[in-house]
Structure formats: C-alpha cells, structure tokens
Amino acid sequence: MSIIPIRLGLETERVSRPPSRWDYGADIAFRILARAAVWLVLVLLALILWEIGGKGAAAMRDYGLGFLTSSTWDVSRGQFGILPHIWGTLYSSLLALIIGGFFGVTMAIFLTQDFLPPQLAVVFRTIVELLAAIPSVVYGLWGLFVVVPAIRPVAGWLYDHLGWIPFFGSTLSGPGLAPAALVLGIMVLPTVAAVSPDALRLVPYRVKEAAYGMGTTRWEAILKVMLPTAATGIFGALVLGFGRALGETMALAMLIGNSNQISLSLFSPANTLAALLALNFPEAGKREVEVLMYAALVLLAITLVVNMAGEAIMSFSSRKTKS
Amino acid sequence: MKRVIVISVALVVLALVVVTGPVGAQDSLRLTGSGATFPFPLYSAWFKSFSSKHKSITVDYQGKGSGAGVRDFLNRTVDFAASDAAMTDEEIAKVPGGVQLLPMTGGEIVLGYNLPGNPKGLKLPRDVYAGIFLGKITKWSDPKLKAANPGVSLPDTDITVVRRADASGTTYVFTQHLSTIDEEWKKGPGAGTTVNWPKSDKFVASPKNDGVSATIKQTPGSIGYLEFAFAKFAKIEMAQLQNRAGQYVAPGTDGGPAALAGVKLPSDLRAWVTDPDGAKAYPIATYTWMLFYKENKDPKKAAVLRELVEYCLTDGQKMSAQMGYIPLPDNVAAAVKKAAGSIQ
C-alpha cells in the first residue's frame with residue numbers, strides 16, 4: 001500500500017488509488033446526511049407526539065381512560081367518548097384486510113407462479129398499482145353511487161333470510177359498514193398486491209423444483225410449499241395494508257354512515273377515528289380540539305400496537321421456519 | 001454540466017423575481033377571507049364579478065367552515081371572515097378594536113326526501129318532522145304522516161334520516177329551530193354545530209351539504225336537512241313544512257324573504273330566525289354574516305372592504321335569488337350599508 005511504484009516517463013494505469021480528499025469529504029458528508037435523515041425522522045415523530053400530546057393533555061387529564069370506554073359524543077354538554085370509533089376503526093379495517101388480503105395474495109400467486117407470460121404479468125401488476133393512485137374521494141363517490149346500490153338487494157336478501165345471524169342483523173339503508181369495508185378492501189389491495197409478490201419471488205427457485213421433484217401437483221406446491229415459505233413477507237404486506245386501512249379517512253367518511261354506535265351487523269352505519277378527526281376539526285372549539293387531539297393520540301397508539309404486533313408475529317414465525 | 005444547471009437555476013430564480021416583482025410593486029390589492037361553506041357559491045360569484053370590475057383587486061375566499069373562519073378571524077390571518085353562526089359575545093370581546101358583523105344574505109334549510117314515485121311537496125306537520133329527527137317516527141306509513149298527506153301513497157318502509165357528519169352552521173340553524181318548536185328536542189339533543197343524535201341504524205351521516213344531497217339521492221326512503229341551493233341543484237324533492245301560523249310552506253323564493261322580513265335586527269345586526277311568524281314564512285331560515293375588523297391597519301384596505309360590501313348589497317343581491325339564497329329585505333340592506341361605515 002505504502003510503496004507506490006514510480007516510473008518516470010511512463011503513464012501508469014493503476015487499478016487502485018488511495019482515496020482523495022474529495023472522496024473522504026463525500027464519504028463523511030454522506031454519512032452525516034444519512035444519519036441526519038434517520039434522526040430527522042425520529043425528531044419529527046417526537047415533535048408530532050409532543051404537539052398532539054401537548055394539545056390533548058388537558059382532555060386526557062379531564063376524561064382519563066373513561067374517554068376510551070364511553071360512547072357519547074355531545075359537544076354542547078361536554079361529554080366525549082370514542083369507544084364506537086375505536087370499534088368501527090378496527091372492525092372496518094379488519095373486514096377490509098380480509099377482502100383486500102385474500103384478493104391481494106391470490107393475485108400475487110397468479111402473477112408470480114408462472115400462470116402468465118412475464119410481459120403480461122407486468123401489465124397486470126401496473127394496473128393493480130394504478131389503483132393506489134386513485135384519490136380517496138373518488139373511491140368514496142364510487143362507493144356511494146355504485147357499490148351501495150349494487151349491494152343493497154343482496155343485503156336485503158341476507159337480512160330477510162339470515163337475519164338471525166348478528167352480522168346480518170339490520171337492513172342496509174345507504175351508507176354502512178359493508179360498502180365501506182368493500183371499498184376499503186379495494187384500497188388496501190394495491191398495498192398487499194405490490195408487496196406480497198416480492199415475498200413469493202424471493203423464495204429460491206430450487207425450493208419449488210424440489211417440491212415438484214417430490215411429485216407435488218402445482219397447487220400443492222403453491223399452497224404447501226411456496227406460501228408457507230413466503231409467509232413472513234406476505235404477513236408484512238398484510239400489516240402494511242392494515243395500517244393503510246386504519247388511517248384511511250375520506251372514503252370512509254363518505255361511506256360508513258358516521259353513526260356512533262357499536263353493532264356487529266355489517267349493514268349498520270358505524271364510525272371511525274380518522275373520519276371523526278377529519279370531520280370535526282374544521283369547526284372545533286377549544287375543548288373539542290383537545291379532545292380530538294386525544295383521539296388522534298389513540299389512533300396513533302392503535303397503529304403502533306398493530307405494527308408492533310405484526311413485527312412480533314413476523315419475527316416469531318420466521319424463527320420457527322428457520323429452525 | 002454542473003455549470004449549466006447552476007446557470008439555469010439562476011435564470012429561473014431571476015425570472016421569478018422579474019415576474020413577481022413588479023406585480024407586488026403595483027398598487028394591486030389582495031383581500032383574503034375564509035369561513036362558511038353554505039354561502040360559498042354565492043360569495044365566490046360575488047367576489048369574482050367584483051374582481052372583474054376592479055382590475056387591481058383580487059378577493060380570495062376559502063370555504064373552510066364557519067368555525068374555522070371565526071378562528072382565522074381571531075388569529076388575524078384574514079381580512080374578513082364569514083360565519084353562519086355569527087360570533088359569540090366571548091369571541092367578539094377577543095378582537096381589539098371591535099368587530100362589525102354584517103348579514104349579507106339569507107338561506108333556507110330544507111328537508112329533502114327520496115321516496116318511490118317521487119311525490120312532490122310532501123307536507124310535514126311540526127310535530128312530525130321533529131319526531132322523525134328524534135327517531136320517534138320511523139315509518140313512512142306512520143298515521144300522522146298519512147293524515148297530513150291524503151292522496152299521497154306512502155310506502156311501508158323505514159325512514160332513513162340523513163344528517164351532517166361534520167360540525168356545521170347548517171346543523172346549528174336546524175337544531176336551533178327544532179329546539180324552539182319541540183321541548184323534547186331541547187332537552188335531548190339540543191342546539192349546536194354537532195349534537196348527540198339518537199342512536200339508530202336508520203340515522204346515517206354524510207360530510208358537507210354535497211354529501212348529504214348525494215346520500216339522499218342514493219337512498220330510497222331517506223330524508224335529510226340541507227341548504228336550499230344544494231337541494232335545488234341536485235333536484236331533490238323538498239318537503240313543505242308547517243310554520244308557526246299553521247300553514248304549509250314550500251321553500252323557495254317566496255317563503256324565505258317572508259321569514260326574514262318578520263325578524264327585527266338589533267343594533268349589532270345579530271338575530272336568529274328560530275321560528276318566524278307570518279302565514280307565508282318558511283320556518284327554517286337564517287341570515288349569514290360576514291365579519292369585519294372595525295380597525296384595519298391599512299386605510300386603503302378598509303376603503304376597498306367598504307366598497308366590496310356596497311357592491312354585494314347592490315349588484316350582489318340581484319344574484320342571490322337565482323342562486324337559491326334569500327336577498328336581504330330592503331330595510332336590512334339599508335341598515336347593513338350604514339353599519340359598513342364603521343369598517344375603518
């Protein structure tokens with residue numbers, strides 16, 4: 001390293017050279033930049049928490065945990081509770097995840113397991129990803145003008161014939177949980193369908209060949225070998241999708257009916273935290289802003305818990321598959 | 001390459017400075033306002049035509065909602081604001097120098113419905129529409145509804161009540177009216193920009209006036225309250241409501257002015273039309289206000305604001321009726337014109 005051959009009169013072509021000052025500078029600058037970016041994200045999150053927490057502190061002190069278990073929202077009498085909103089948020093997101101997750105994973109299998117020529121698969125994939133670019137309001141309007149009228153007769157039939165099942169315990173008048181969950185499912189779909197194919201593609205080709213070699217059929221190979229191997233990644237996609245569903249606002253505000261009640265029925269109107277926040281902020285008074293900040297904090301906490309639970313399950317399952 | 005980028009960036013910056021510089025230097029004036037969404041279509045039409053007549057003046061109005069408008073006004077981030085709920089004494093006290101409230105137009109809140117066969121002009125007695133929104137009358141075939149509407153075939157289906165999901169001045173005016181006419185409503189949900197509605201599967205909520213009108217259109221058997229102009233343009237059937245005098249009055253260009261005419265405005269020009277007298281008065285009507293600072297920092301701005309009010313009171317009022325709003329009665333317009341003088 002330290003001995004550099006010097007040949008006068010000859011231009012030497014050296015493969016390696018010691019880093020110049022500029023290289024050092026760039027390296028340090030990049031390192032600082034990368035670190036700053038990471039810290040900035042943390043600072044930003046802390047700032048958001050500080051801001052929301054600070055503004056919601058008064059409401060937290062006054063309402064305490066009773067806020068989470070009460071279901072009255074009465075501004076003029078100063079009574080606030082968000083149990084119906086928490087319930088609606090989790091219920092609608094879960095339903096959406098079931099719908100979006102099922103179709104998303106099915107689509108991922110279809111796109112990656114040699115059902116289609118690769119060029120065509122790219123086209124399909126692009127189309128699905130386009131769904132993510134549609135504004136939320138458009139989904140809301142589409143839900144109101146297309147989905148609701150389309151599922152109303154189905155809902156009526158289910159209520160008439162299977163009304164004893166709590167899930168079908170009421171008629172669908174207009175907006176309600178079912179159309180909201182359906183539309184939300186479609187909105188979650190691109191997230192799931194974009195991430196889970198990567199997980200399936202990461203499964204080494206040898207694994208599939210080995211499965212075929214053992215005489216499995218195509219479906220056995222997919223369901224019993226490919227899917228379990230890619231489970232961690234697919235699960236990650238589902239957690240991402242769930243997070244997307246939790247935070248979705250405008251389409252839900254238009255479709256869910258915004259009624260503060262807790263019902264198992266799919267055709268009842270419900271409410272969500274995100275919709276509550278979006279709809280009440282513009283006209284909120286001082287007290288209400290504090291209460292809404294508290295509600296925002298609860299939504300943040302729910303998102304955090306869901307993500308952490310997802311992380312935990314993923315690391316648990318990946319350890320299991322590795323051992 | 002790098003030099004090319006640097007030069008082009010410099011050129012762009014220079015161009016921006018050149019383009020924006022002289023405009024700022026000219027004596028052009030930009031007025032900003034924010035607030036109520038309900039008169040937004042009318043206000044934006046007014047301001048557009050005002051700006052086209054005064055080339056150097058632009059008026060920007062953002063329909064954020066009455067509460068947000070008042071908040072902007074208190075924070076002094078706007079030159080004027082608009083609110084369906086005027087301002088409370090408490091809020092007015094927070095403005096150093098004082099506030100001038102000016103009623104600029106009026107509106108009616110209608111009960112739009114969607115029934116099979118589209119029967120027109122359904123008649124709703126006072127106790128019936130209060131009962132519907134209390135969740136006590138739940139079927140279209142209710143005997144009270146049938147008795148008020150002989151000859152109209154009412155289906156034996158549930159009534160779906162559509163309400164506003166967001167906090168709004170429209171809800172405030174509507175619930176204030178219900179509180180005035182119905183004791184049970186007053187003790188129950190009460191009046192406010194959001195109230196605690198009856199819990200029922202048949203009460204659904206939609207954001208904004210457009211959301212309510214879309215939901216009514218999409219839901220057979222529904223009824224909901226919304227601003228007249230929105231119902232008119234969405235072609236939603238509107239109910240005739242029984243007024244204080246016991247008459248059934250349809251919303252529109254006759255009932256609205258009659259409702260406003262019956263109300264005496266106090267000196268601060270803040271009055272609520274909770275339950276108007278008069279045989280021809282449509283029962284749910286309201287003024288909507290613009291809010292101005294009595295003391296503006298820039299006297300030139302104050303002059304333009306006065307000019308703007310003048311324009312809205314004269315040429316502006318002619319647009320009101322055709323856009324679905326209630327023109328101010330003449331005596332009110334005169335009082336507002338006089339009061340506008342205190343914008344300094």
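Everything below is about the structure shown above.
Summary of the structure given here. Computed from a prediction, not measured in an experiment: that's the story for all the values here.

Conventions we followed
- Residues numbered from 1 in each chain as written.
- Chains lettered and ligands numbered in written order.
- Predicted model: local features only at pLDDT ≥ 70, side-chain atom pairs only at ≥ 80, totals over all residues.
- Heavy atoms only, no water.
- Helix = DSSP H or I, 4+ residues; strand = E, 2+ residues; numbered from the N terminus.
- Buried < 20%, exposed > 50% of the residue type's maximum accessible area, 1.4 Å probe, protein only.
- Contact = heavy atoms within 4.5 Å.
- Areas by Shrake-Rupley, 256 points an atom, 1.4 Å probe, with all protein chains shown as cover.
- Rg over C-alpha atoms; globule rule 2.2 N^0.38 Å.
- Lys, Arg positive; Asp, Glu negative; His and termini not counted.
- Charge placed at Lys NZ, Arg CZ, Asp CG, Glu CD.
- Axes fitted to C-alpha atoms, helices over the stretch in contact; angles between N-to-C directions.
- Parallel < 35°, antiparallel > 145°, perpendicular 65-115°, else oblique.
- Left-handed = near helix turned anticlockwise from the far one by under 90°.
- Nonpolar A, V, L, I, M, F, W, Y, C, P; charged D, E, K, R; others polar.
- 1 Å grid on protein atoms, 1.4 Å probe; cavity = no way out; pocket = protein on both sides within 12 Å on 5 of 7 lines; lining within 4 Å.
- Points joined across faces, edges and corners; volume = space filled by probe spheres on them.
- Salt bridge = Lys/Arg side-chain N within 4 Å of Asp/Glu carboxyl O.

1. Notes on the overall build of chain B
Okay, step 1: Each helix and strand in chain B was counted, giving 13 helices and twelve strands.
Okay, step 2: Considering only C-alpha atoms, chain B reaches an extent of 80 × 60 × 35 Å along its principal axes.
Okay, step 3: Within chain B, buried positions represent 54% of all 344 residues.
Okay, step 4: Taking contacts inside chain B between residues at least 6 apart in sequence as the whole, the part at least 24 apart equals 73%.
Okay, step 5: Counting only carbon and sulfur atoms, one obtains 57% of the accessible surface of chain B, whose full area is about 14700 Å².

2. Observations regarding the overall build of chain A
Okay, step 1: For chain A, the count of helices and strands is eleven helices and two strands.
Okay, step 2: Along its sequence from the N terminus, chain A presents helices and strands in the succession α-α-β-β-α-α-α-α-α-α-α-α-α.
Okay, step 3: Taken against the 2.2 N^0.38 rule, which gives 20 Å for 323 residues, the C-alpha radius of gyration of chain A at 26 Å runs more than 25% over that of a compact globule.
Okay, step 4: The principal-axis extent of the C-alpha atoms belonging to chain A is close to 90 × 60 × 40 Å.
Okay, step 5: Residues counted as buried form 42% of the 323 residues belonging to chain A.
Okay, step 6: Residue pairs in contact within chain A that sit at least 24 positions apart in sequence constitute 75% of those at least 6 positions apart.
Okay, step 7: Carbon and sulfur atoms make up 72% of the accessible area of chain A, which totals about 17900 Å².
Okay, step 8: Side chains of chain A carry 22 positive and 18 negative charges; the gap between the two charge centres is 7 Å.

3. Notes on the packing of helix H3 (residues 83-112) of chain A against helix H8 (residues 218-247) of chain A
Residue and element names in this part refer to chain A.
Okay, step 1: Where H3 meets H8, the axes come as close as 9 Å, and the angle between the chain directions of the two elements is 140 degrees. Here H8 runs oblique to H3, going by the angle between their axes. The hand of the H3/H8 crossing is right-handed. For the pair H3 and H8, the contacting residues are Thr89, Leu90, Ser93, Leu94, Leu97, Gly101, Val105 and Ile109 in the first and Ile222, Leu227, Ile234, Leu238, Gly241, Phe242, Ala245 and Leu246 in the second.
Okay, step 2: Of the residues that constitute the contact of H3 with H8, the class distribution is twelve nonpolar, four polar and no charged.

4. Re empty space enclosed by the protein
Okay, step 1: All chains considered together, the criterion is met by three cavities of 30 Å³ or more.
Okay, step 2: Estimates place the volume of the largest cavity at around 260 Å³.
Okay, step 3: Lining the largest cavity are 22 residues; nearest its centre among them are Asn258(A), Asn260(A), Arg163(B), Val195(B) and Trp197(B).
Okay, step 4: At the level of secondary structure, the elements contributing two or more residues to the lining of the largest cavity comprise helix H10 (273-280) of chain A together with strand E6 (160-164) of chain B.
Okay, step 5: In terms of residue count, H10(A) provides more of the lining of the largest cavity than any other element does, three residues in total.
Okay, step 6: Taken as a whole, the second largest cavity encloses approximately 60 Å³ of empty space.

5. Quick notes on the pattern of salt bridges
All names here are of chain A.
Okay, step 1: Scanning the model with the defined rule gives 28 salt bridges over all chains in all.
Okay, step 2: In this structure, Glu248 engages Arg244 in a salt bridge whose closest nitrogen and oxygen atoms are separated by 3.3 Å.
Okay, step 3: For Glu248, a relative accessible area of 7% corresponds to the buried category.
Okay, step 4: Using a relative accessible area of 32% as the deciding quantity, one classes Arg244 as partly exposed.
Okay, step 5: Residues joined by salt bridges that share partners form a network here, namely Asp62, Lys286, Arg287 and Glu290.

6. Thoughts on the layout of surface pockets
In this approach a probe as big as a water molecule rolls over the atoms, and the regions it shows empty are the leftover space.
Okay, step 1: Each pocket or cavity is described by its volume, and for the largest pocket that value is around 1000 Å³.
Okay, step 2: As for the largest pocket, its lining consists of 31 residues, and the residues nearest its centre are Glu283(A), Ala284(A), Gly285(A), Lys286(A) and Glu91(B).
Okay, step 3: For the lining of the largest pocket, the elements supplying multiple residues, two or more each, are helix H11 (286-322) of chain A together with helix H3 (66-74) and helix H4 (89-93) of chain B.
Okay, step 4: Broken down by class, the residue content of the lining of the largest pocket amounts to twelve nonpolar, nine polar and ten charged.
Okay, step 5: In this model, the second largest pocket occupies a volume close to 280 Å³.

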